[in-house]
Amino acid sequence: MKVLPILKYGNEILHRKAEPINNINEAIVELAQKMVQTMHAAPGIGLAAPQVGVGKRLITIDLSVGKDPSKLIILINPEILEEEGEEILEEGCLSLPGISENVARPSKILVKGIDLDGKERKIEAFGILARAFCHEVDHLNGKFFIDRLSYLKRNLIKRKILKQIKEGKW
Ligand code: NI
């Protein structure tokens, strides 16, 4: 198993925009494989490269958490082309351990990206899968789900995190 450490909120790389991938080389393929293993081990349903310290536009999603290989999605340079509807559901993040809040997301999206073979893929996603894509693409833009909450809620959470950082518990 090649499990990578998952960075937490506050780490600089998570708060900036990730760079597009122009060349799918061996290092990218290996990174994707390590991300899948890290996501499964966590366990989580999605991971973005900045969460493992790499500022590149690569995401992995698997709603089955390793139980069904056909559910695994690895997408390079993902772009959300269309959004429709709205759904509010509790959301968490591996980089925000112990924190979950209701977040509004589109109920349906159309996402475009490139797979590891360099082929363009367009995926229509609903519900939790749409939410997972939005959450991971946010990471590539230096955003967290708490950035989508009200100012008041976000600041309460930020203060809680700061307190934990000071106490060495984060
Ligand atoms: Ni996350």
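As a reminder, the structure under discussion sits directly above these lines.
All chains use their own residue numbering, which begins from 1 and follows the written sequence. Local features in this predicted model are restricted to residues of pLDDT 70 or higher, and side-chain atom pairs are both shown and tallied only at a pLDDT of 80 or more, whereas totals for entire chains, interfaces and linings draw on every residue. Values shown for side chains rest on all heavy atoms present in the structure; no hydrogens or waters enter the calculation.

(A) Summary view of the coordination of the nickel ion. Coordinating N, O and S atoms are those within 2.8 Å of the metal (3.2 Å for Na, K and Ca), and as water is not part of the atoms, a site may appear to have fewer donors than expected. Protein coordination of the nickel ion is provided by C93 (SG), H135 (NE2) and H139 (NE2), with donor distances spanning 2.1 to 2.2 Å. Every donor residue of the nickel ion comes from the same chain, spaced as C-x41-H-x3-H. Pair noted here: C93 is in the loop between β4 (87–92) and β5 (100–105) and H135 is in helix α2 (residues 127–140), with a separation of 42 residues, a long-range link. Pair check on accessibility: C93 and H135 agree, each one buried. For helices the rule is a DSSP run of H or I covering at least 4 residues; for strands it is a run of E covering at least 2, with both sets numbered from the N terminus onward. Between buried and exposed lies partly exposed: a residue is buried under 20% and exposed over 50% of the maximum accessible area for its type, with that area taken using a 1.4 Å probe on protein chains only.

(B) Inspection of the packing of aromatic side chains at higher detail. Two aromatic rings, drawn from Phe, Tyr or Trp (for Trp, its six-membered ring), form a pair once their centres lie within 6.5 Å of each other, and the interplanar angle then sorts them: stacked below 30 degrees, edge-to-face above 60, tilted otherwise. Across all of its chains, the model carries one aromatic pair by this definition. The interplanar angle of 65° and the centroid separation of 4.7 Å between the aromatic rings of Y9 and F144 together place this pair among those described as edge-to-face. Of this pair, Y9 sits in the segment before α1 (26–41) while F144 sits in the loop between α2 and α3 (151–166), and the two are 135 residues apart along the sequence. K8 extends its terminal NZ or CZ atom over the ring of W170, reaching a point 5.7 Å from the ring centre. Geometrically, a charge over a ring is one whose NZ (Lys) or CZ (Arg) sits within 6 Å of the ring centre while staying within 35 degrees of the ring normal.

(C) The arrangement of unusual backbone geometry in detail. In the segment running from A42 into P43, the intervening peptide bond is cis, with an omega of -10°. In this fold, P43 is placed in the loop between α1 and β1 (46–48). At V65, a position not held by glycine, the phi torsion is positive, near 50°. Tracing the backbone shows V65 in the loop between β2 (58–61) and β3 (73–84).

(D) Quick peek at the side chain of H139. Along the chain, H139 turns up in helix α2. The buried category is assigned to H139, whose relative accessible area is 1%. Pairs of residues are marked as contacts when any of their non-hydrogen atoms sit within 4.5 Å. Non-local contacts of H139, meaning those with residues more than four positions away in its chain, are made with R16, A48, P50, Q51, C93 and F144.

(E) Molecular detail of the pairing of strand β6 (residues 108–114). Pairing between strands requires that DSSP locate at least two bridges from one strand to the other. Examined bridge by bridge, β3 and β6 share six bridges and lie antiparallel to one another. What sits directly across from E79, in β6, is K112. Where β6 and strand β7 (residues 120–126) come together, seven bridges link them in antiparallel fashion. Each residue of the ladder has a partner; that of I114, found in β7, is E120. Taken together, β6 and the strand that follows it, β7, pair antiparallel across an intervening segment of five residues, in which G118 is found at a positive phi of about 85°.

(F) Quick peek at the pattern of salt bridges. A pair is scored as a salt bridge if a Lys or Arg side-chain nitrogen falls within 4 Å of a carboxyl oxygen belonging to Asp or Glu. Under the defined criterion, the tally for this structure stands at twelve salt bridges. For the salt bridge of E30 with K34, the shortest nitrogen-to-oxygen distance reads 3.4 Å. Of this pair, E30 and K34 both sit in helix α1, four residues apart, which is roughly one turn of the helix. For E30, a relative accessible area of 35% corresponds to the partly exposed category. For K34, a relative accessible area of 23% translates into the label partly exposed. Two residues, E167 and K169, come together in a salt bridge whose shortest N-O distance is 3.3 Å.

(G) Structural detail: the sheet that holds β7. Read from one edge of the open sheet, five strands run β1-β2-β3-β6-β7, paired in antiparallel fashion. With one partner strand each, in any of the chains shown, β1 and β7 form the two edges of the open sheet. On average, each strand axis in the sheet is inclined to that of its neighbour by 35°, with strand direction left out of account. Axis definition: a line fit to C-alpha positions, over the contact stretch in the case of helices; interaxial angles, taken between N-to-C directions, run 0 to 180 degrees. Against the sheet, α1 contacts β1, β2 and β3, and its axis sits at roughly 35° relative to β2. This element, α2, spans β1, β2, β3, β6 and β7 of the sheet and lies at about 155° to β2.

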